[in-house]
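One letter stands for each residue in the lines below.
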Amino acid sequence: MRTDPHLFKQGEAIQNYEQKELMTSGHLACPGCGGALAMRMALKELGEDLVVVIPACCWAVIPGPFPYSNMKVPLMHTAFETTGAVISGVRAALDIQGKTETQVMGWAGDGGTFDIGLQALSAAAERNENVIYVCYDNEAYMNTGIQRSSATPEYTWTTTTPTEFPEASPKKNIDRIMAAHAIPYMATTSPAYPHDLMAKFKKAKEIKGFRFIHILASCTAGWKIDSARSIEVMRLATETNAFPIYEVEDGEKYTINIEPKGLPINDYLKLQGRFRHMNDQQRESTQRSVTKNWEWIKKQASNS
Amino acid sequence: MSKKEVLMGNHATSYGVQLARTQVIAAYPITPQTQIVEELSEICARGDLDAKFIKVESEHSAMAATIAASKAGARAFTATSSQGLALMHELLFWAAYGRCPIVLCNVNRAMAPGWSIWSDQTDSLAQRDTGWIQIYCETNQEVLDNMIMAFKLAETVNLPVMVVYDAFILSHTYEPVEIPDISEVDKFLPPFKPKYKLDPSAPYTFDPLCTPDNYMEFRHIMEEAHEGTKKAYLDVAKDFSKRFKRKYGILELIDAEDADILLVTSGSMTSTTRVAVQQLRKQGEKVGICKLRMFRPFPTEALKDAIGNLNGGHRIEKIAVLDRNISHGGGGIWSKEIKGALFGMSTAPKVFSYHLGLGGRDITPDTIKEAYEHVKNNDQPKETVWIGLKR
Ligand SMILES: Cc1ncc(C[n+]2csc(CCOP(=O)(O)OP(=O)(O)O)c2C)c(N)n1
Ligand SMILES: [Mg+2]
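Residues numbered from 1 in each chain as written. Chains lettered and ligands numbered in written order. Predicted model: local features only at pLDDT ≥ 70, side-chain atom pairs only at ≥ 80, totals over all residues. Heavy atoms only, no water.

What follows covers the layout of surface pockets. Taking a probe equal in size to a water molecule and rolling it over the atoms shows the remaining empty space. As a volume, the largest pocket reaches approximately 1400 Å³. Lining the largest pocket are 42 residues, with Lys71, Tyr97, Gly98, Phe206 and Asp207 of chain B sitting closest to its centre. Breaking the lining of the largest pocket down by element, the ones donating at least two residues are helix 3 (59–71), helix 5 (89–97), strand 9 (205–206) and helix 9 (215–244) of chain B. The greatest single-element share of the lining of the largest pocket, amounting to five residues, is contributed by helix 9 of chain B. Residues that form the lining of the largest pocket fall into these classes: 27 nonpolar, eight polar and seven charged. What the second largest pocket holds in volume is close to 700 Å³. Looking at the second largest pocket, it is lined by 30 residues, and the ones nearest its centre are Lys171, Ala242, Ser289, Val290 and Asn293 of chain A. The greatest single-element share of the lining of the second largest pocket, amounting to seven residues, is contributed by helix 10 (residues 280–303) of chain A. (1 Å grid on protein atoms, 1.4 Å probe; cavity = no way out; pocket = protein on both sides within 12 Å on 5 of 7 lines; lining within 4 Å. Points joined across faces, edges and corners; volume = space filled by probe spheres on them. Helix = DSSP H or I, 4+ residues; strand = E, 2+ residues; numbered from the N terminus. Nonpolar A, V, L, I, M, F, W, Y, C, P; charged D, E, K, R; others polar.)

Further remarks concern the sheet that holds strand 15 (residues 350–355) of chain B. Backbone-to-backbone hydrogen bonds pair the strands of a sheet. The strands run either parallel or antiparallel. Residues and elements named next belong to chain B. Reading across the sheet, the six strands line up as 10-12-11-14-15-16 and stay open at both edges, with mixed pairing between neighbours. Every other strand in the sheet has two partners, leaving strand 10 (251–254) and strand 16 (385–386) as the edge strands with one partner each. With four bridges connecting them, strand 10 and strand 12 (residues 287–292) associate as antiparallel partners. Looking at the pairing, Leu253 lines up with Cys290 of strand 12. Where helix 10 (residues 269–282) meets the sheet, its contacts fall on strand 10, strand 11 (261–265), strand 12 and strand 14 (318–323), and the angle it forms with strand 12 comes to roughly 170°. Against the sheet, helix 11 (residues 300–308) touches strand 10, strand 11, strand 12 and strand 14, its axis set at about 15° to strand 10. (Pairing = 2+ DSSP bridges. Contact = heavy atoms within 4.5 Å. Axes fitted to C-alpha atoms, helices over the stretch in contact; angles between N-to-C directions.)

Going through the model one piece at a time under the given rule, you end up with 44 salt bridges over all chains. Residue Arg229 of chain A pairs with Glu232 of chain A through a salt bridge whose shortest N-O separation is 3.1 Å. Among the residues examined, Arg229 of chain A registers a relative accessible area of 34% and is labelled partly exposed. Linking Glu252 of chain B and Arg274 of chain B is a salt bridge whose minimum nitrogen-to-oxygen distance equals 3.6 Å. In this pair, Glu252 of chain B is assigned in strand 10 and Arg274 of chain B in helix 10, connecting sequence segments 22 residues apart. The exposure class of Arg274 of chain B is partly exposed, given its relative accessible area of 29%. Within the structure, one salt-bridge network assembled from shared partners comprises Glu138, Glu142, Glu252, Arg274, Lys291 and Arg293 of chain B. (Salt bridge = Lys/Arg side-chain N within 4 Å of Asp/Glu carboxyl O. Buried < 20%, exposed > 50% of the residue type's maximum accessible area, 1.4 Å probe, protein only.)

Residues and elements named next belong to chain B. Domain boundaries assigned for chain B yield domain 1 (3–244) and domain 2 (251–386). Centre-to-centre, using C-alpha coordinates, domain 1 lies 28 Å away from domain 2. Remark: the boundary between domain 1 and domain 2 carries seven salt bridges. Glu301 is paired through a salt bridge with Lys230; the nearest N and O atoms lie 3.1 Å apart. Where domain 1 meets domain 2, there are 18 residue pairs in polar contact (both at pLDDT 80 or more). Every element with two or more residues in the side of domain 1 that touches domain 2 is listed here: helix 6 (122–125), strand 6 (133–136), helix 7 (140–157) and helix 9. Ranked by residue count, the leading element in the side of domain 1 that touches domain 2 is helix 9, at five residues. A per-class count over the side of domain 1 that touches domain 2 returns eleven nonpolar, eight polar and seven charged. (Domains from an automatic or database assignment. Polar contact = N/O pair within 3.5 Å; in protein donor to acceptor, adjacent residues only side chain to side chain.)

If you look at the biggest cluster of nonpolar residues, it comprises 145 residues, and the most contacted ones within it are Val90 of chain A together with Phe77 and Ile338 of chain B. Examining the composition of this core, we find that ten residues originate from one element, helix 7 of chain B, more than from any other. Counting residues in each nonpolar core, the second largest holds 35 residues, with Ala29, Trp59, Trp107 and Ile132 of chain A among its members. (Core = buried A, V, L, I, M, F, W, Y, C linked by side-chain atoms within 4.5 Å.)

Residue and element names in this part refer to chain A. In the first shell of the magnesium ion (ligand 2), the protein supplies Asp110 (OD), Asn138 (OD1) and Ala140 (O), at 2.0 to 2.1 Å from the metal. The sequence pattern describing where the donors of the magnesium ion (ligand 2) fall on their chain is D-x27-N-x1-A. With Asp110 in helix 3 (residues 110–115) and Ala140 in the loop between strand 4 (132–137) and helix 5 (174–179), the pair connects residues that are 30 residues apart, well separated along the chain. Take Asp110 and Ala140: they sit in the same class, and that class is buried. (Donors = N, O, S within 2.8 Å, 3.2 Å for Na, K, Ca; no water.)

Below you can see the structure in the form of structure tokens.
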């Protein structure tokens, strides 16, 4: 089963989509930044009746310094580890003022989600706060100059995991952690699949309670890729099962939204400088682990 | 109609928060603060207060959620003690620099290790530089009244206010407290109407990246707000006293008119000092009290004025600052502030410093008298003197 890609046709330019543009040009993201693309698409679907909360991460810089902003929705910046608590506080204040229909979205990086913000995130999910929490995952602390996070895949080069001692542990599986909170909606998506990404925000908007959306977000500087190939690399992440696109409702109903081609993992690895040092053994090991994860997801989906 | 009840300090806080019609509360349990939020949960459950209560997983999140609620236009409150306040440290800056008019109640409790739940001001005084207004209370009546005034003050100057009082000595001790009628409080404290808030119909960006081109100006604007706070507190207190017949200032002088020596106090030790001073006066000692209510902004001018402008130009020879706190390597925190404030004043008294009551050790009238004997019998202040130390 797939989410209906009804919003616009695959391959059609996003500019043609009629929704309002709530993120303007003039922002400070690097060319080819997956995180910037993702925000633009998400805002188109969420609309203007929205409050956005952003902790320390690249996105704390992207909207521009005071007195500039590229956002046409109210935006609150906050401390690195606080997103879960802050969206809860905004929700409570809006509710007590009768603005129960206004959406509240937290937008944090992988460091702010998998690591330092996990406690506040888990608490907000456990309370089933009526908010959307987005993690745009570029698989390292990029804002501070490419240090590893617990979202960094095994064997990756970062500035704290040099090629002689590359990342030693596999990527933390935040999706299973969030699904285990039995929240109404948990989804993964990627700007390489705009129809899927936007359909998921559209769906999330209709759901009450805690919604967690995990977006793969390429980083040209951190992944050491050509900015022109940013989308291609993110697409390969899904085609090779490195980043499966699926959703989980109420912690138990699994649906695979993008059926991957199941390409060899090396198709994804070889385009990125951060994996260049990997040897055959490491590639094979990575192949085994992505396959295993994919089989597990398939099993959940077929049991749902 | 106001009514009189016998309340513990913590419940005085809860009633103050209720009377202020607080809209969002986010808090986490810690002794000796816990009863504040327990009682508030009851008050909300009874329907006596229409507020959202977020049961967060830490004090760090309590402060974060309180800030967020304030930014989104709600009157917001939290309460904590020691370890919890220390955990909030980063967010205390976010609250103040973000100009959130929120109110926090801190029940003074000693910092660990070793684990101590007893009274000691080091927890709140250590947050000196976070940009918060700090107000210290002597009685449970002061607690309730200052809780209500704190919201008005915060919303007047757009700065967060910390209302502070001693663990157990006030928090768990019952005293008669007059509880104002809520309709009267409504007239004193109208609903919170911030000029800017998170509102989709006017989409502003709050607290973004700030380059060296602007950062300093924000600090300067906020410093002006702090300076203005002293007068703002007096205005708020004046309005309060008109309506509720209880007077508050940023500091208070007791028996100072003809005194040679002033004991400088804060918090509940003031009451003990009153007893000691009465006894000393009976013995003919010329001793008085300067009770400080406000720690930030520091009442420099008020202090100079109080000490320098006594009737007939009477001059205070010595002051003894009683510090239930310690900045290791720096001494008593109130002492340092007072020395800084009086420096360069031609008529400045000699400032003697005393550590006492740390970690909840009892402060009795005898403790105070011991400090008095010391200051009386010494000509020049040397290093800080420890009262009641076991050797
Ligand atoms: C408490 C705290 N620790 C560290 C930092 C420094 N810091 C700012 S952004 C960042 C990394 C953010 O990484 P991530 O959440 O993955 O977002 P990205 O920059 O990769 O988009 C760090 C470590 C901080 N702002 N606050
Ligand atoms: Mg990152």
